[in-house]
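Working through the structure, step by step
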Amino acid sequence: MSATTADRETETASIREALRTALREELLADDDVFIMGQDEEDGGSFEVTAGLHDEFGFDRVRNTPISEAAQVGAGVGAAATGMRPVVNLSFADFVGVCFDQVMNQAGKTRYMFGGASEVPLTIRAIEGAGLNAAAQHSGTVHTLVAHLPGVKAVAPGTPAAAKGLMKSAVRSDDPVVFFENKTIYERHGPVPVDDDFTVPIGEASVEQEGEDVTVVATQRLLGESLAAARDVDASVEVIDPRSLYPLDTDTLAASLRKTGRLVVADESPLSYGLHAEIVTRVVEDAFWSVDAPVQRVGVPDTPIPFSPSQEDEVVPDADDVRRAIERTF
Amino acid sequence: MAQTLDTPAARRDALRRMLLVREFENRVRDRFADNEIPGFVHLSQGQEAVAVGACTALTDDDYITSTHRAHGHSLAKGLEPDRLLAELYGKEAGYCGGRGGSMHVADLDNGMLGAQPIVGASVPLGTGAGITAQLTDADWVATVFCGDGSVAAGQVHEAINLAATWHLPVVFVVENNQYSEGMTFDEQHNVEDLAEMAAGYGIPGEIVDGQDVTAVYETVAAARERALAGDGPTFVEAKTYRYRGHFEGDEEPYRTREEVEEWEAERDPIDLYREELAAAGELTDDQFEAMRADVAETMDEAVEFARNADEPAPEDAYDDVFVEPAPEVEAFRERMRTDGGDGGDGR
Ligand SMILES: Cc1ncc(C[n+]2csc(CCOP(=O)(O)OP(=O)(O)O)c2C)c(N)n1
């Protein structure tokens, strides 16, 4: 467990509950926080915000028409004038519809205006394959966003990280895109109960210590990697980077110095993505500690297919991570 | 308090501000031609009555958002010509420290929330400011300036619909200067008047003569009152005309010189207002000439200021990406640039 959850009273909760609790606590703590998205009155996408509309009313938790560009753009405008909006994009694939507002307005406003305005905006984007939702509702696009200067990107793999990072995202004075993997909402784990608990953006978590090989794994593949680690005849260190940008290079490089072997497991397409970034970072920092070819586990560069048999084919799981670990020996 | 046009002094002041925009852009045109000003420049000459008329109806606390053609809106909202010009020169003393230039100016102290040259992008931002006003029971409104061309862009419709649905205190001012780059209005729209579109959002659509500063003022003032009363946004279409090309350097193959000269001779907003005030006995020729000399002097000083201002430090280019600098950017600044990387672990 990460240092930030140590010595805190915890309860067992799912990622969905952890996110809901984080949003609820932030709505209670700060009148400037409000949520907007489609179907928010009915619990939002995947029921993450269930009950919040009833508790806080339309002003604080509001339904929008289907207009992602206006949602994000209005989020930027509200943020720049003093609010802390949380905008839900439901499916992360829809970032395509409002990419201008993410890239050019959210990401560049502060910079191009010479620091004149702050954009404390949180965008929730729900990604990931596994529900046979086909190509336009199953993508993992965090690499696109993490690539954009001026936008922070986080993607928790545990309930504790989900709660702590959501609170940090809402409190951040910068735009943060919060990626939730839709297949792990029911993943349970210990979550600190106090409303002061946050996970700093930019801090990785060593989820399991090991000596022989480092597996850096995000979101759903964190669980798959922990499972794979039990199946191999080696001592595996498993790290959840949690924050994709900024990325905690120090923790990753320190682990590689210890183990000499590296697997990166992330559900985005393999080319030009998060895998490449993590590998580059640790190689820059710890090249002389690399003892074996580094391995990537991800989606071959295809959209996600509909047919269950094809979806299973392209989407990586614990077996893929296990094989990657074995290839490092 | 919003300004008014109720007294002769207030009317003369509005005329002065239109002259200031005109003269500011004359200087920008000349300094750009001499390669003193980098980048792209889009002038709004001919449209001064829209900017000044609308902003006269606003208070210091009201916000505006604007487009690539933002000098007039900025000056009308209260930005100072010297710091605005310094921004165009890319200087440290500019409103954005030289980071924005002509197309990306903001000054939150004056309620100028930002020029957004992505066509259409200024509109959702204004809607968002309207959400803030509504949620905080503020006594200010957001006014969006956008062009006729932008009304063909998707995010504009989304944002007006959202503001209409939520009764947000926003005034949408569409400056129909009849061209979008080199495309005529008819090539882009299948309606006679853009204000017709307001019906589709269920909000009032007003058409106003954009060469008549009084008419623009009165229309925007009424829309502002409506917004403050909780009755939601108004779509204002101001019919106007730009004298210069789309950008400085545009050869304008899409229209004739005669067309431009006719507008300049017969529909110039400054001439029209000057004549009106003179006819009412509120402005003598001497007063006008004094006003013109005063504006010229202000602009002489602004040009000197901008020219002589310091360049921003190159290494400051890494600031302001985030509120707290990202370790990635700091690492670049401090380490990778200097030692070129050694593969780590200090072999
Ligand atoms: C999304 C986008 N597409 C194209 C452009 C290029 N562009 C810059 S200004 C402009 C014309 C805009 O016309 P209008 O909205 O009528 O404003 P005007 O120039 O007449 O003031 C275009 C097409 C752009 N900046 N952004």
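Residues numbered from 1 in each chain as written. Chains lettered and ligands numbered in written order. Predicted model: local features only at pLDDT ≥ 70, side-chain atom pairs only at ≥ 80, totals over all residues. Heavy atoms only, no water.

**A word on the overall build of chain A**
Put simply, the test is: We count a stretch as a helix when DSSP gives it H or I for four or more residues in a row; a strand needs E for two or more, and each element gets its number in order from the N terminus. Relative accessibility decides the category of a residue: with a 1.4 Å probe and only protein chains considered, values under 20% of the type maximum give buried, values over 50% give exposed, and everything between is partly exposed. In what follows, residue pairs with any heavy atoms lying within 4.5 Å of each other are defined as contacts. All accessible areas in this document rest on Shrake-Rupley with a 1.4 Å probe, and a residue is counted as covered only by the protein chains that are shown.
On a plain count of helices and strands, chain A comes out with twelve helices and 14 strands. Reported as C-alpha extents along the three principal axes, the dimensions of chain A are approximately 55 × 45 × 40 Å. Counting all 329 residues of chain A, 62% fall into the buried class. The contacts of chain A with a sequence gap of at least 6 include a subset with a gap of at least 24, amounting to 81%. When the accessible surface of chain A is summed, it comes to about 11,400 Å², and 48% of that surface belongs to carbon and sulfur atoms.

**Quick word on the packing of helix H2 (residues 48-56) of chain B against helix H9 (residues 213-228) of chain B**
Residue and element names in this part refer to chain B. Put simply, the rule is: Axis geometry follows a simple rule: fit a line to the C-alpha atoms, using only the stretch in contact for helices, then measure angles between N-to-C directions, giving values from 0 to 180 degrees. Roughly parallel here means an angle under 35 degrees, roughly antiparallel means over 145, roughly perpendicular means 65 to 115, and every remaining angle is called oblique. By convention the crossing between two helices is left-handed if the near helix lies anticlockwise of the far one by an angle smaller than a right angle, and right-handed if it lies clockwise. Gly falls in the polar group here, along with every residue not listed as nonpolar (Ala, Val, Leu, Ile, Met, Phe, Trp, Tyr, Cys, Pro) or charged (Asp, Glu, Lys, Arg).
Running from amino to carboxyl end, H2 crosses H9 at an angle of 40°, the nearest separation of the two axes being 7 Å. It follows from the interaxial angle that H2 and H9 lie oblique. Judged by the sense of rotation from one axis to the other, the crossing of H2 with H9 is right-handed. On H9, the residues touching Ala49, Val50, Val52, Gly53, Ala54 and Thr56 of H2 are Val213, Val216, Tyr217 and Val220. Its residues placed into classes, the contact of H2 with H9 shows eight nonpolar, two polar and no charged.

**A word on the environment of Asn104(A)**
We count it as follows: Polar contacts, as counted here, are pairs of nitrogen or oxygen atoms within 3.5 Å of one another; within protein the pair requires one atom able to donate a hydrogen and one able to accept it, and residues that are adjacent in sequence qualify only if both atoms are side-chain atoms.
By the secondary structure assignment, Asn104(A) is in helix H4 (residues 99-106). A relative accessible area of 12% means that Asn104(A) is categorised as buried. As a C-alpha pair, Asn104(A) and Gln208(A) span 104 residues in sequence and 39 Å in three-dimensional space. Excluding residues that lie within four positions of it along the chain, Asn104(A) makes contacts with Phe99(A), Thr109(A), Met112(A) and Ile118(B). Here the side chain of Asn104(A) touches Lys108(A) through a polar contact of 2.6 Å, side chain to side chain.

**Examining the site of the ligand**
Residue and element names in this part refer to chain B. Cut-off, in case you're wondering: Each residue is tested against the molecule or strand, and it is near if at least one of its non-hydrogen atoms lies within 4 Å. Of the two site types, the cavity is a set of points on a 1 Å grid over the protein atoms alone where a 1.4 Å probe fits but cannot get out, and the pocket is an open set with protein on both sides within 12 Å along at least five of seven lines, each lined by residues with an atom within 4 Å of a point. If over half the atoms of a molecule are within 2 Å of the grid points of a cavity or pocket, the molecule is regarded as sitting in it.
Around the ligand there are 14 residues in total, and His68, Arg69, Pro117, Gly149 and Tyr179 lie nearest to it. Valine 119 is positioned such that a nitrogen or oxygen atom in its backbone is 3.1 Å from a nitrogen atom of the ligand. In the model, an oxygen atom of the ligand is placed 2.7 Å from a nitrogen or oxygen of the glycine 149 main chain. A majority-of-atoms criterion places the ligand in the second largest pocket. For the shell around the ligand, the per-class residue count stands at four nonpolar, seven polar and three charged.

**A few points about the sheet that holds strand S8 (residues 234-239) of chain B**
Residues and elements named next belong to chain B. We count it as follows: Being paired, for any two strands, means DSSP has found at least two bridges between them.
The strand order across the open sheet formed by six strands is S2-S1-S3-S4-S8-S7, and the pairing between neighbours is parallel. Looking at which strands have only one partner, the edges of the open sheet turn out to be strand S2 (112-115) and strand S7 (205-209). Taking each pair of neighbouring strands and ignoring which way they run, the sheet shows an average axis angle of 15°. Sheet strands touched by H9: strand S4 (170-176), S7 and S8. Its angle to S7, the strand with the most contacts, is close to 155°.

**Thoughts on the packing of aromatic side chains**
Stated precisely, the cut-off is as follows: Between rings of Phe, Tyr and Trp, where Trp is taken as its six-membered ring, a pair exists when centres lie within 6.5 Å; planes separated by under 30 degrees are stacked, by over 60 edge-to-face, and by other angles tilted. By definition, being over a ring means that NZ of Lys or CZ of Arg is both within 6 Å of the ring centre and within 35 degrees of the ring normal.
This model, assessed by the stated rule, comprises ten aromatic pairs over all chains. Where Tyr179(B) meets Tyr254(B), the ring centres are 5.3 Å apart and the plane angle is 45°; that geometry is what we call tilted. With a gap of 75 residues between them, Tyr179(B) in strand S5 (residues 179-180) and Tyr254(B) in the loop between S8 and helix H10 (257-266) connect regions that are remote in the sequence. With respect to burial, Tyr179(B) and Tyr254(B) carry one shared label: buried. Consider the rings of Tyr241(B) and Trp263(B), whose centres lie 4.7 Å apart with planes at 5°: the pair is stacked. Here Tyr241(B) is found in the loop between S8 and H10, whereas its partner Trp263(B) is found in helix H10, with 22 residues between them in sequence. The pair Tyr241(B) / Trp263(B) is uniform in exposure class, with both members buried. Following the ring pairs from residue to residue traces out a cluster consisting of Phe46(A), Phe91(A), Phe94(A) and Tyr185(A). Between the NZ or CZ atom of Arg99(B) and the centre of the ring of Tyr111(A), over which it lies, the distance is 4.1 Å. Across from the ring centre of Tyr179(B), 5.4 Å away, lies the NZ or CZ of Arg255(B), which sits over that ring.

So, to be careful, I would describe these as geometric facts and stop short of saying anything about function.
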